[in-house]
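Next come the chains, spelled out residue by residue.
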Amino acid sequence: MASTEIAMRWSDLDTLRHVNNVVYVDYALETWPELRASGLISHTDPVRVEVDYRMPVLKSDHPIHIDTAIDGLTLTQSILVSGAEHPAAIVTSRFDAAPENARVEPDAPIGQLMLRYSDLDDRRQINTARMFELFQEARVLYMNTTMREAKIPSIVIARSDVRVITPLRWQSEPLETQTWVKAVGGSSFSIRAQLCKGGEVLAVAETVMVAFDADTQRSAKLNEDQRERLRALMID
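These numbers were taken from a predicted model, which means no experiment stands behind them. As a convention, each chain's residues are numbered from 1 in the sequence order in which they are written. The predicted origin of the model limits local features to residues at a pLDDT of at least 70 and limits the giving and counting of side-chain atom pairs to 80 or more, whereas totals for whole chains, interfaces and linings rest on all residues. In computing side-chain values, all of the structure's heavy atoms are included and hydrogens and water are not.

Help me understand the overall build of the protein chain, please; the structure alone is not making it clear to me.
The helix and strand inventory of the protein chain stands at four helices and 11 strands. Taking 18 Å as the expected radius of gyration for a compact globule of 236 residues, we find that the protein chain reaches 18 Å, a close match to that expectation. Its C-alpha atoms give the protein chain principal-axis dimensions of about 50 × 45 × 30 Å. Whether a residue is buried, partly exposed or exposed follows from its accessible area with a 1.4 Å probe, protein chains only, as a fraction of its type maximum: under 20%, in between, or over 50%, in that order. Out of the 236 residues in the protein chain, the part that is buried amounts to 45%. Accessible surface, the protein chain: about 12,500 Å² in total, of which carbon and sulfur atoms supply 48%. Per the convention used, a helix needs a DSSP run of H or I reaching at least four residues, while a strand needs a run of E reaching at least two, with both numbered from the N terminus. Atoms counted for the radius of gyration: C-alpha only. Globule rule: 2.2 Å times residue count to the power 0.38. Here the accessible surface of atoms and residues is derived via Shrake-Rupley with a 1.4 Å probe, and residues count as covered only by protein chains that are part of the display.

Could you clarify how one ought to interpret unusual backbone geometry in this entry?
Peptide bonds are, in most cases, trans, and in most cases residues other than glycine have a negative phi. A positive phi is found at Arg124, a non-glycine position, where the angle reads about 65°. Mapped onto the secondary structure, Arg124 falls in the loop between strand E6 (110-113) and helix H3 (128-144). Even without being a glycine, Lys151 presents a positive backbone phi close to 55°. Along the chain, Lys151 turns up in the loop between H3 and strand E7 (155-164). By relative accessible area, Lys151 is classed as exposed at 58%.

I tried to follow the packing of aromatic side chains on my own but got confused; where do I start?
Ring pairs (aromatic) are described by centroid distance and by the angle formed between their planes. When two rings of Phe, Tyr or Trp (its six-membered ring) have centres within 6.5 Å they constitute a pair, described as stacked for plane angles under 30 degrees, edge-to-face for angles over 60, and tilted for the intermediate range. According to the stated counting rule, one finds four aromatic pairs in the structure shown. Aromatic side chains Tyr24 and Tyr53 sit 5.7 Å apart centroid to centroid with 65° between the ring planes, which places their arrangement in the edge-to-face category. Remark: Tyr53 occurs in strand E2 (residues 48-53) and Tyr24 occurs in helix H1 (residues 23-29); sequence separation between them is 29 residues. For the pair Tyr24 and Tyr53, a shared accessibility class is recorded, and that class is buried.

Would you take a moment to explain the nonpolar core for this structure?
A general trend in soluble globular proteins is that nonpolar side chains are found buried together. Membership of the largest hydrophobic core comes to 59 residues, with the highest contact counts inside it found for Tyr24, Tyr27 and Leu168. Sort the elements by how many residues they give to this core and H3 lands first, with seven residues. In this analysis, two residues are considered to be in contact whenever any of their non-hydrogen atoms come within 4.5 Å of each other. Setting aside residues no more than four positions away along its own chain, Tyr27 makes contact with Ile6, Met8, Asp12, Val19, Ile64, Ile66 and Ile79. Within this scheme, the nonpolar core is defined by two criteria: the residues are buried Ala, Val, Leu, Ile, Met, Phe, Trp, Tyr or Cys, and they are joined through side-chain atoms within 4.5 Å.

Just checking my understanding: could you explain the environment of Trp32 for this structure?
Within the secondary structure, Trp32 is located in helix H2 (residues 32-37). On a C-alpha basis, the gap between Trp32 and Val19 in space is 20 Å, while along the polypeptide they are 13 residues apart. Look past the residues within four positions of Trp32 in its chain and what remains in contact with it is Ile41, Asp45, Pro46, Leu75, Gln77, Ser93 and Thr128.

How should I be thinking about the pairing of strand E8 (residues 175-184) in this particular structure?
Look at any regular strand and the pattern is simple: side chains alternate between the two faces of the sheet. Any two strands are treated as partners once DSSP identifies two or more bridges connecting them. With four bridges connecting them, E6 and E8 associate as antiparallel partners. Paired with Ile110 across the bridge in E8 is Gln178. Summarising the sheet, E8 and strand E9 (residues 188-197) pair through eight bridges and their orientation is antiparallel. Within the sheet, the bridge partner assigned to Val184 lies in E9 and is Phe189. Between E8 and E9, which pair antiparallel and follow one another directly, the connecting turn spans three residues.

So what exactly am I meant to see when it comes to the side chain of Ser60 here?
Checked against the element boundaries, Ser60 lands in the loop between E2 and strand E3 (64-71). With relative accessibility at 17%, the residue Ser60 sits in the buried group. Side-chain polar atoms of Ser60 contact the backbone nitrogen of His62, separated by 2.9 Å. For Ser60, the contacting residues outside a window of four places in its chain are Met8 and Val81. Pairs of N or O atoms are called polar contacts if they sit within 3.5 Å, as long as, within protein, a hydrogen donor faces a hydrogen acceptor (for residues adjacent in sequence, only side-chain-to-side-chain pairs).

Got a minute to help me understand the side chain of Arg192 in this structure?
Looking at the secondary structure, you find Arg192 in strand E9. Since its relative accessible area comes to 9%, Arg192 is described here as buried.

Structure follows, in structure tokens:
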């Protein structure tokens, strides 16, 4: 197992002063150049990246510590504040996952998302971490518009799963996004999002979100009205 430490930045934080969920992928990617130079991982990008969020991380003077384990074509990275006993997140990158079978969903709301030049890596493909950011943009727009009537005051992310079907490359035209509620539980729900171009799905993401009580810093039960409003946004 290899270990790496990097400094935290103020720009890593979200509005709750927690490390933003997409930044954990940035932390993981910091280790990839050395792993690639050593021949330990592929020079191609993973086709699937999953992030399990265990606990929030606040701004700290302590560095971020990354433990890396490699099992064949699967890279598992535990991310924690240096000195902490338990990881804040686990990032799993799979370089040989089975291809996703996805199609454009005719009943899903359609949005548009512009790429930025800074989203690109040195091969002019969309950087893996930026892929998570693009899906975050699509999800937040959906939550602030279509999902607003559910009236869930505070939400945290428990898990993100991004699967790439076709590498995204630079284009000046906007990508199409599709976002909808996939499942609803007692305190959590999941959102499915797709990035599309010309009737083809390029990448998909499924995100598990949990209602959160900011006072107790614990998960909160969804009430029946919230669940009903979320169920109304599901697509059969």
